[in-house]
Structure formats: C-alpha cells, structure tokens
Amino acid sequence: MMRDVVIAAALLLAATVGVARAEPNMGNWSVGSGNDGQITASLHASNKLITGGGALGYSPVLTLACRPDGEPRWSEWLQLDDAVSASRKITISVVVDGGKTDESWSVGPRGRTLVRDGNDGIKRLVSANRLTLSWRFGLLSGRGEADFELAGLSEAIGQLAASCNTDPP
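Source: prediction; values computed, not measured.

Scoring rules and cut-offs
- Residues numbered from 1 in each chain as written.
- Predicted model: local features only at pLDDT ≥ 70, side-chain atom pairs only at ≥ 80, totals over all residues.
- Heavy atoms only, no water.
- Pairing = 2+ DSSP bridges.
- Helix = DSSP H or I, 4+ residues; strand = E, 2+ residues; numbered from the N terminus.
- Axes fitted to C-alpha atoms, helices over the stretch in contact; angles between N-to-C directions.
- Contact = heavy atoms within 4.5 Å.
- Buried < 20%, exposed > 50% of the residue type's maximum accessible area, 1.4 Å probe, protein only.
- Arc of directions from axis to C-beta.
- Disulfide = S-S within 2.5 Å.

### Topic: the sheet that holds strand 7 (residues 89–96)
Taking strand neighbours across the sheet as the criterion, the nine strands line up as 1-2-5-6-9-8-7-10-11 in an open arrangement whose pairing is antiparallel. Among the strands making up the open sheet, the edge pair consists of strand 1 (30–33) and strand 11 (142–149). The mean angle between the axes of side-by-side strands here comes to 30°, regardless of whether they run parallel or antiparallel. Direction of pairing for strand 7 relative to strand 10 (residues 130–138): antiparallel, over a ladder of four bridges. Within strand 10, the residue paired with Val 95 across the bridge is Thr 132. Strand contacts of helix 3 (residues 153–163): strand 1, strand 2 (39–44), strand 5 (61–66) and strand 6 (74–79), with the helix running at about 160° to strand 2, the strand carrying the most contacts.

Following this line, the structure appears as structure tokens:
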C-alpha cells in the first residue's frame, strides 16, 4: 500500500516536471487575470525610477491584456508608483528597437496607470526585442523612462490570444 503511494507520488512529480518543461519560454513575463476578466501578461522594467521622496526606487510594470468576452479587446498599460500630473491624456515617447514615435495614452485613476487601448500597440511589439517608454510626470517634475527587455513576448501574446480565443494581433 505504502509502495503504491510512493509510486503514485513519483509519477505525479514526473508528470508535473514534464509539463513545466513543455510550457513555452516566456522570459520574465507573468501571465494571469486582471480586472474585468481580462487575461494579462506583465513585465517589470529593467531599470528603476526613484520615488518622489527619493529614498526608494521601483520598476514600472508593463501589462498587455485581452478581454475574452464578446469581441476581444486588447490593451496595454504602464503601472507607476508616482502619479503623473496629467488628468486625461498624456504623450508618451515610444522607442521600439530604436524606432521612435509619440503616442497618446489615457491616464488612469490617481494618475498611476497609463493606458492605451487597441491591438495596434501590441502588434508593434510582437517581433520587438526592446521597448522604451518615456513621459513627463508634470510641468516641473521631470521625465520618467522605463526600459523593457521583451524576451518571451511572442509566447506571452500567444498564450493571451489562446486564453481569449482569438488570433494574436
């Protein structure tokens, strides 16, 4: 009896290890579920920003999301610890593998989340290796910049699309 339990436990462990190896390599991306039933993939910036008090640093978090109910809606957002002073829209300089453009993003509650809806933002990242986002915190507060190494992104987007029953952007 005890031998059967040990064998069953060993088989379960072997199966679990086998499944872990079969999963795609998503680098440092973590996949989960977000607000309103969205499926999300999040990545911490490779750099740190110093908080308003100057004592602590933090890494902004980039999150890509799709909504599985109805027509899937893709979005991306940047989570900050320090608020931006803009109230509705903010211009973000976006550098994808060296190519620069400016985009308009919405400012979320309390100014700590910057949001961009639509699959075109995610589509621009599918084959990218590096993303840099830069923005102004306020008129006199300086700029923030977040650098992201996008290793594993295509696998993360594939998992999001599969969970949302849609094609990747």
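Text resumes after the structure shown.
### Examining helix 3
The α-helix advances 3.6 residues per turn, and as a result positions three or four apart in sequence lie on the same side. Of all the residues in helix 3, the buried ones are Leu 153, Ala 156, Ile 157, Leu 160 and Ala 161. Down the axis of helix 3, the smallest arc covering the buried residues is 135°, so these residues share one side. Its buried side turned inward, helix 3 meets strand 2, strand 5, strand 6 and helix 2 (119–123). Asn 165 occupies a position one or two residues after helix 3 and carries a positive phi of about 55°.

### What to know about the state of the cysteines
Scanning the entire structure with this criterion turns up one disulfide. The disulfide partner of Cys 66 is Cys 164, and the S-S distance across this bridge is 1.9 Å. Around the S-S axis, the bridge from Cys 66 to Cys 164 shows a dihedral of about 90° and counts as right-handed. Taken together, the residues Cys 66 in strand 5 and Cys 164 in the segment after helix 3 connect sequence positions 98 residues apart. We note that Cys 66, like Cys 164, is buried.

### Describing the side chain of Thr 40
Topologically, Thr 40 is positioned in strand 2. Residues within four places of Thr 40 in sequence aside, it is in contact with Ser 30, Val 31, Gly 32, Ser 33, Gly 34, Thr 63, Leu 64, Ala 65, Trp 77 and Leu 160.

### Digging into the pairing of strand 8 (residues 99–107)
Relative to strand 8, strand 7 runs antiparallel, the two being bridged by eight bridges. Among the inter-strand pairings, Ser 93 is bridged to a residue of strand 8, identified as Asp 102. Hairpin geometry of strand 7 and strand 8 is characterised by an intervening segment of two residues between the two adjacent antiparallel strands and by a positive phi of about 50° at Asp 97. Pairing of strand 8 with strand 9 (residues 113–117), which is carried by two bridges, proceeds in the antiparallel orientation. Bridged to Val 107 within strand 9 is Leu 114.

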